[in-house]
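Residue strings, one per chain:
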Amino acid sequence: MTTLLHSARPTRSLNDHPVLGHLPASALADGANTVWVLLDETGLPIRGGLNDTFHGTEQALTAERWVDASGLRLALPFTDIHCHGGGGFSYEDPGCLPRALEVHGEHGTGRAVASLVANPIPDLEASCRRLAEAIDARDVVPDGMRLEGIHAEGPWISPSHKGAHRPDYLHPASVEEARRLVDACGGHLRQVTLAPEEDPGLAVTRYLVDRGVRVAVGHTDADYHTARAAFDAGASVLTHAFNAMNGIHHRRPGPVVAAMESSHVYLEVIADGVHVAPEVVSMLFRSAPERVILVTDAMSATGQPDGDYRLGSLDVRVEAGVARLVTADGSQGAIAGSTLTVDQAVRTAVAAGIDPDEAIIAATSRPARALGLNPCDEALPLRLLDADFSPVADLSPRTSSRRPRP
């Protein structure tokens, strides 16, 4: 059964979809027009256009189902390139994928990268092999989603900015260990976060970049010059800007400024209102135009009630939705990932003053581009978003056989 979805508010993310990419960007600006798409029996777009031009398309006029999407935004599915799990599961856990991905899919994520925390190399290899097999098989990934690859966050990071990584698992990088991880991932290693000061001569950075793996600077004690050297050597992402790194000081600008001044570098930010103040999120978007990426850094407690969880081998307690490490003396521990979903990140960014179109792009096509992926996976359905940027899960109440007047 074909479906004509009409009267939706466009978003500029649609410029990257083959069915709507022929439309000028100005026509997809919020409020300029409405858009329509004709969906095949699997829910994938096969034709599309502006306003009511579907009246000149016989294939659209004869669609079996018409959906009035007035007031809803039409966008690419969200892409989350830094996420550690959800639904009670970490990506290190066997059998984690169906539930962990499902939780994020319910909030609009269509493309995800599985992030792994620092662990001994043999353990990381085992996790990478398990995830790579699942990516190849595709039988445990929920419908309408794609697991795009693997992100190793550690173990080559700074003990002084370890965040929620176990300190005795951290050590300097070596090309031999990098080769082992690349091999274990079977072509699915998309990104590695490392501290450049833990990469002697930036040898691992260059090794990974030469093999098409994106290198991210993060969990680092690097100063401006050390970070800039890593970016000049090919590193192209800053992992969760401002968190687990030196901040911006008027005499010590640090890695955030180095990333801002490196035009090829994308900057992740966790827009949950906890990791980074809204005013700083806004500043980041202004300072690195068209290069900021919204990520969740979500851990297993995402989509779950407050309580006790694990991140890697560390105990985490979630209170009021904020995840922190459990400490032996009962003091407040370090932030341990988040319980964020991408739709909430978009809401937080918009509330901080970011243009809705820009926030949606920072959560859809731009993260894919940052990892060298096609900005649009046309085999995934588009998403309708309500006024709060949450996906509309059930369109049936809005579905009618009534046709708009020509």
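Residues numbered from 1 in each chain as written. Predicted model: local features only at pLDDT ≥ 70, side-chain atom pairs only at ≥ 80, totals over all residues. Heavy atoms only, no water.

Draft legend 1. Local environment of the overall build of the chain. If you tally the helices and strands in the chain, you get 11 helices and 20 strands. Its C-alpha atoms give the chain a radius of gyration of 21 Å, near enough to 22 Å, the size a compact globule of 406 residues would have. Summarising its shape, the C-alpha atoms of the chain cover approximately 65 × 45 × 40 Å along the three principal directions. In the chain, buried positions account for 56% of the 406 residues. In the chain, of all internal contacts separated by at least 6 residues, the share reaching a separation of at least 24 is 71%. Carbon and sulfur atoms form 49% of the exposed surface of the chain, whose accessible area is close to 15800 Å². For the chain, the separation between the mean place of its 35 positive charges and that of its 52 negative charges on side chains is 3 Å. (Helix = DSSP H or I, 4+ residues; strand = E, 2+ residues; numbered from the N terminus. Rg over C-alpha atoms; globule rule 2.2 N^0.38 Å. Buried < 20%, exposed > 50% of the residue type's maximum accessible area, 1.4 Å probe, protein only. Contact = heavy atoms within 4.5 Å. Areas by Shrake-Rupley, 256 points an atom, 1.4 Å probe, with all protein chains shown as cover. Lys, Arg positive; Asp, Glu negative; His and termini not counted. Charge placed at Lys NZ, Arg CZ, Asp CG, Glu CD.)

Draft legend 2. Summary view of unusual backbone geometry. Going from Gly154 to Pro155, the amide bond is cis rather than trans, its omega being 15°. Tracing the sequence through the fold places Pro155 in the loop between β10 (146–153) and α4 (175–185). In this structure, Ala320 takes a positive phi of about 55° despite not being glycine. Relative to the elements of secondary structure, Ala320 occurs in the loop between β17 (314–319) and β18 (322–325). We classify Ala320 as exposed; its relative accessible area is 72%.

Draft legend 3. Region of interest: the sheet that holds strand β13 (residues 237–238). The parallel open sheet is built from 8 strands, whose spatial order is β6-β9-β10-β11-β12-β13-β14-β15. Among the strands making up the open sheet, the edge pair consists of β6 (78–83) and β15 (292–295). Where β6 lies against strand β9 (residues 109–116), 4 bridges are found, and the strand directions are parallel. Bridge pairing in β9 links Thr79 to Arg111. Helix α8 (residues 278–287) rests against β14 (266–270) and β15 of the sheet, and its axis sits at about 165° to β14. (Pairing = 2+ DSSP bridges. Axes fitted to C-alpha atoms, helices over the stretch in contact; angles between N-to-C directions.)

Draft legend 4. Representation of the nonpolar core within the structure. The biggest cluster of nonpolar side chains holds 88 residues, and the ones touching the most others in it are Tyr91, Leu189, Leu208, Phe231, Leu238, Leu294 and Val346. In terms of residues, this core owes the most to one element, helix α3 (residues 121–137), which gives 6 residues. In this structure Leu189 touches Ile150, Ala152, Leu181, Val182, Leu208 and Val213, once residues within four positions along its chain are discounted. If you look at the next biggest cluster of nonpolar residues, it comprises 19 residues, including Ala8, Ala27, Leu50 and Leu76. (Core = buried A, V, L, I, M, F, W, Y, C linked by side-chain atoms within 4.5 Å.)

Draft legend 5. Broad picture of the pairing of β15. Side chains Val292 and Leu294 project from β15 onto one buried face, and the interleaved Ile293 and Val295 project onto a second face that is buried too. For β14 and β15, the ladder comprises 4 bridges, and the chain directions are parallel. Residue Val269 lies in a different strand from β15, and its bridge partner there is Leu294. Viewed along the sheet, the connection from β14 through α8 into β15 turns out right-handed. (Right-handed = clockwise from strand over helix to strand, strands pointing away.)

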